[in-house]
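Each chain, written out:
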Amino acid sequence: MIKRLFWLIQILSIIFPIMIFIGYIVMAEGDQFTSAHYMMTGLSAIPFVIVQLLKFLMSDVRDESDTD
């Protein structure tokens, strides 16, 4: 159950920066892509980093189906 939740959160958090990047390109009509756009796209990847950190920290926690 926890593994599926982390897979879902990982997928959603990796799609978020990509959608922001594409959104900025569409809004700017393909030109004048500034450093602020790159910064916002980079900052939007922070949730993915947090999910990876949580996954690493919880990797030692056993799932309820892994009982001996």
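Residue positions are counted from 1 within each chain, in the order its sequence is given. Totals for whole chains, interfaces and linings use every residue, but because this is a predicted model, local features are given only for residues with pLDDT of at least 70 and side-chain atom pairs only at 80 or more, for both listing and counting. Hydrogens and waters are ignored; side-chain quantities use all the structure's heavy atoms.

Looking at the packing of aromatic side chains
Then, number 1: Any two of the Phe, Tyr and Trp rings considered here, Trp counted by its six-membered ring, make a pair once their centres fall within 6.5 Å; the pair's planes then place it as stacked at under 30 degrees, edge-to-face at over 60, or tilted in between. In the structure shown here, the tally under the stated rule is zero aromatic pairs.
Then, number 2: Charge-over-ring contacts are defined here by two conditions on Lys NZ or Arg CZ: a distance within 6 Å of the ring centre and an angle within 35 degrees of the ring normal. Across from the ring centre of Trp 7, 5.5 Å away, lies the NZ or CZ of Lys 55, which sits over that ring.

Quick look at the packing of helix α1 (residues 2–27) against helix α2 (residues 35–43)
Then, number 1: Viewed as axis vectors pointing N to C, α1 and α2 meet at an angle of 160 degrees, and their least axial separation amounts to 8 Å. When the axes of α1 and α2 are compared, the pair comes out roughly antiparallel. Here α1 and α2 pass one another in a crossing that is right-handed. Residues Pro 17, Ile 20, Phe 21 and Tyr 24 of α1 form the contact with α2, whose own contacting residues are His 37, Tyr 38, Met 40 and Thr 41. Interaxial angle, 0 to 180 degrees, is taken between N-to-C directions of lines fitted to C-alpha atoms, where a helix line uses only the stretch in contact. The numbering of helices and of strands both runs from the N terminus, where a helix is a DSSP run of H or I of at least 4 residues and a strand a run of E of at least 2. For classification purposes, an angle smaller than 35 degrees is called roughly parallel, one larger than 145 roughly antiparallel, one from 65 to 115 roughly perpendicular, and anything else oblique. In a left-handed crossing the near helix is turned counterclockwise from the far helix by less than a right angle, and in a right-handed crossing that turn is clockwise. Contacts are assigned to residue pairs that have any heavy atoms within 4.5 Å of one another.

Overview of α1
Then, number 1: Given a rise of 1.5 Å per residue, 26 residues ought to cover 38 Å, and the 37 Å separating the end C-alpha atoms of α1 matches this to within 8%.
Then, number 2: In this scheme, a residue with accessible area under 20% of its type's maximum is buried, one over 50% is exposed, and one in between is partly exposed, where area comes from a 1.4 Å probe on protein chains only. All of the buried residues along α1 are Phe 6, Gln 10, Ser 13, Pro 17 and Tyr 24.
Then, number 3: If you follow the buried residues of α1, they end up packed against α2 and α3 (46–57). Helix span, expected: 1.5 Å multiplied by one less than the number of residues in the helix.

Quick notes on the environment of Ser 44
Then, number 1: Relative to the helices and strands, Ser 44 resides in the loop between α2 and α3.
Then, number 2: By relative accessible area, Ser 44 is classed as buried at 6%.
Then, number 3: For the pair Ser 44 and Ser 13, spaced 31 residues apart in the sequence, the C-alpha separation amounts to 8.6 Å.
Then, number 4: Contacts of Ser 44, omitting those with residues within four sequence positions, involve Phe 16, Pro 17 and Ile 20.

Just distances and angles here, no functional claims.
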